[in-house]
Amino acid sequence: MHNEQKMEKIVSLAKRKGFIYPSSLIYGGIAGFWDYGPLGVELKRNLEDLWWKTFVSSIPNIYGLDASLVMNRKVWEASGHTEGFADPTVICKECGKSFRADHLKENKCPDCGGGLGDEKQFNMMFETRVGATQDEDSKTYLRPETAQGIFVNFKNVLDSFSPKIPFGIAQIGKAFRNEISPRDFVFRSREFTQMEIEYFIEEKNWEKEFENWLEFMREWIEALGLKGVKEIEVLGDDLAHYSKKTIDFEYEFPFGEAELYGLAYRTDYDLKKHSEKSGEDLSYRPVEGEPFIPHVIEPTFGVDRTILALLSEHYNENEERGIWLSLPYKLAPYKIAVFPLLRNKPELIEKAQSIFAMLKKNIPEIVWDDNGNVGKRYRRQDEIGTPFCVTVDFETLEDSAVTVRDRDTMEQERVTIENLAEYLNNKLNV
Ligand code: GAP
């Protein structure tokens, strides 16, 4: 399939099926903002839960955090964002549109062909005012990364838990960037969700810890079924001001290869800056030896880019079946759909309802569908990635068994109601 066409298909499926809608659509939308619909929010939650389980709950030395989105302005002065979180921008002299200068192929407006003004640095942080006094002192910013919420809580976690180094603090949350040209669906938006860990280490161990995190990130990417992800070292001017080494994980999106995740060695840059600016001692006191400011390895994961990669990787289509999403079971919004063969036969409905209620106790992400014929229902569930469909037919009333249909193999199996919950649980937990 042509790649541009694939992107259009994904955007259209996402809207039609309630995964992702353009924000404020009844007012014409707003560029760079997206709303997760009923199925999108399930997919997003499943993804975030899986990440939390993988990187926080199952690792004893990682602590969770949920910091505020708006912080003291001094946080951004110390981190260098007020000064340096800027992209080069040019404005078209004809139509007034602005563009990222480093994304342009030619020195003219890509929309109207007009001449371009001088290149300027544009700070991407969204300004806001806190409180009723709308003066300069009330100014601050929506956070452009979740990471700083972690650094400013480093001392709090030290004081509450006295963790031994190495240890990490993890957070999932929104970040805001006033991107000059938001594009490619949720790939580059102005409001997005990050999943980040700051892993505090001794300087001498940074290479080993970096390698460990590289491996953890590879395992995560594999668990999501994302293929062909490339690891590219970021060099020269592209390296962020705080980083000594960064590896970008690049995925082949339908519009081209681009950054999905990053792994950075942030040295002691951030804690040092916050120590200096706040006057708080942010050093770590080992049992033996001198106090020191820890160094940091930062694995960072964009939620929205992961969702776009998942939709792209697991999008399948052919003449016979139409569209099916082969999402990993753990991420699928619904795990099971239950169908009564006919919607106007009370005895079938009753039986199917009792099976639905029984399964829901164990597997809450279950959906009921009695619309149209079974073939149409399979198609509907395939389009949203439901792994298993359970059909209750007239034979069920005789033999207490149902037909279970597998999304990926399309095979159908007769399973007794008695064994159904266990059968599906086993399949879903592979
Ligand atoms: N704390 C480090 C940091 O924020 P980054 O590379 O600027 O580093 C981290 O962002 C991740 O956040 C990216 O790898 C990407 O997944 C996601 N991300 C960044 N900007 C984004 C945007 N405008 N829209 C959607 N996701 C974005």
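Anything mentioned here points back to the structure above.
Scope of this entry: the structure provided in the associated data block. All residue numbers refer to position in the chain's written sequence, counted from 1. At least 70 in pLDDT is required for a residue's local features to be given in this predicted model, at least 80 for side-chain atom pairs to be given and counted, and no such filter applies to totals for whole chains, interfaces and linings, which use all residues. The basis for the side-chain values is all heavy atoms of the structure; hydrogens and waters are excluded.

Quick look at the overall build of the protein chain now. Check the secondary structure of the protein chain and you find 13 helices and 21 strands. Dimensions of the protein chain, computed from the C-alpha atoms along their principal axes, are close to 75 × 65 × 45 Å. For the protein chain, the proportion of its 430 residues judged to be buried stands at 51%. Across the protein chain, the fraction of contacts at a sequence separation of at least 24, relative to all contacts at a separation of at least 6, is 65%. A total accessible area of about 21,100 Å² is found for the protein chain, and carbon and sulfur atoms account for 47% of it. We count a stretch as a helix when DSSP gives it H or I for four or more residues in a row; a strand needs E for two or more, and each element gets its number in order from the N terminus. A simple rule labels every residue: compare its accessible area, found with a 1.4 Å probe on the protein chains alone, to the largest value its type can have, and call it buried under 20%, exposed over 50%, or partly exposed in between. Only heavy atoms enter the contact rule, under which two residues are in contact if any of them lie within 4.5 Å. For the area figures, the Shrake-Rupley method with a 1.4 Å probe applies, and any residue is considered shielded solely by the protein chains shown.

Take the site of the ligand next. The nearness test applies per residue and asks whether one of its heavy atoms lies within 4 Å of the molecule or strand. Among the 20 residues in the neighbourhood of the ligand, the closest are listed as E145, R177, E196, E259 and L260. Take Q194: an N or O atom from its side chain is 3.0 Å from an oxygen atom of the ligand. Under the rule applied, a polar contact is a pair of N or O atoms within 3.5 Å (in protein, one hydrogen donor and one hydrogen acceptor; residues adjacent in sequence only if both atoms are side-chain atoms). G302 is positioned with one of its backbone polar atoms (N or O) 3.1 Å from an oxygen atom of the ligand. Each cavity reported here is a set of points on a 1 Å grid over the protein atoms alone in which a 1.4 Å probe fits but cannot get out, each pocket an open set with protein on both sides within 12 Å along at least five of seven lines, and each lining residue one with an atom within 4 Å of a point. For a cavity or pocket, the test is whether more than half of a molecule's atoms lie within 2 Å of its grid points; if they do, the molecule sits there. Judged by the proximity of its atoms to the pocket grid, the ligand belongs to the largest pocket. Element by element, the count of residues in the shell around the ligand is highest for strand β13 (residues 256-267), at four residues.

What follows concerns the packing of helix α10 (residues 346-362) against helix α13 (residues 417-428). Their axes nearest at 10 Å, the elements α10 and α13 cross at an angle of 40°. Judged by the inter-axis angle, α10 sits oblique to α13. When you trace α10 past α13, the crossing you get is right-handed. When α10 is examined against α13, the residues K351, I355, M358, L359 and N362 are found in contact with a partner set consisting of I417, L420, A421, L424 and N425. Amino acid classes used here: Ala, Val, Leu, Ile, Met, Phe, Trp, Tyr, Cys and Pro are nonpolar; Asp, Glu, Lys and Arg are charged; the rest, including Gly, are polar. Among the residues forming the contact of α10 with α13, the class breakdown is seven nonpolar, two polar and one charged. Here the axes come from fitting lines to C-alpha atoms, over the contacting stretch only for helices, and the angles between their N-to-C directions go from 0 to 180 degrees. For classification purposes, an angle smaller than 35 degrees is called roughly parallel, one larger than 145 roughly antiparallel, one from 65 to 115 roughly perpendicular, and anything else oblique. With the far helix as reference, a near helix turned anticlockwise by less than a right angle produces a left-handed crossing, and one turned clockwise produces a right-handed crossing.

Tracing the chain through its elements places P254 in the loop between β12 (245-253) and β13. Between the C-alpha atom of P254 and that of A132, which follows or precedes it by 122 residues, the distance is 46 Å. Non-local contacts of P254, meaning those with residues more than four positions away in its chain, are made with N3, K6, M7, I10 and S312.

Right, let's get into helix α9 (residues 303-313). Counting buried residues along α9, 10 of its 11 residues qualify, which places the element largely inside the surrounding structure. Listing the buried residues of α9 in full gives V303, D304, R305, T306, I307, L308, A309, L310, L311 and S312.

As a general point, the strands of a sheet are linked pairwise by backbone hydrogen bonds and lie either parallel or antiparallel. In this analysis, strands are considered paired if DSSP registers two or more bridges between them. Overall, antiparallel pairing links the three strands, which are arranged β5-β4-β6 in an open sheet. Looking at which strands have only one partner, the edges of the open sheet turn out to be β5 (98-100) and β6 (120-123). Along the sheet, successive strands turn relative to each other by an average axial angle of 50°, direction set aside. Bridge count between strand β4 (residues 86-91) and β5: three bridges; the pairing is antiparallel. Bridging from a neighbouring strand, T89 pairs with R100 of β5.

This brings us to the layout of surface pockets. The volume enclosed by the largest pocket comes to roughly 1,500 Å³. Lining the largest pocket are 48 residues, and of these R177, D238, A240, D248 and E259 sit closest to its centre. Contributions of two or more residues to the lining of the largest pocket are made by α4 (81-84), β4, β10 (191-201), β12, β13, β14 (295-302) and α9. For the lining of the largest pocket, the leading source of residues is β13, giving eight residues. Grid points are joined across faces, edges and corners, and a volume is the space filled by probe spheres set on the points.

Worth remembering: the numbers are spatial, not functional.
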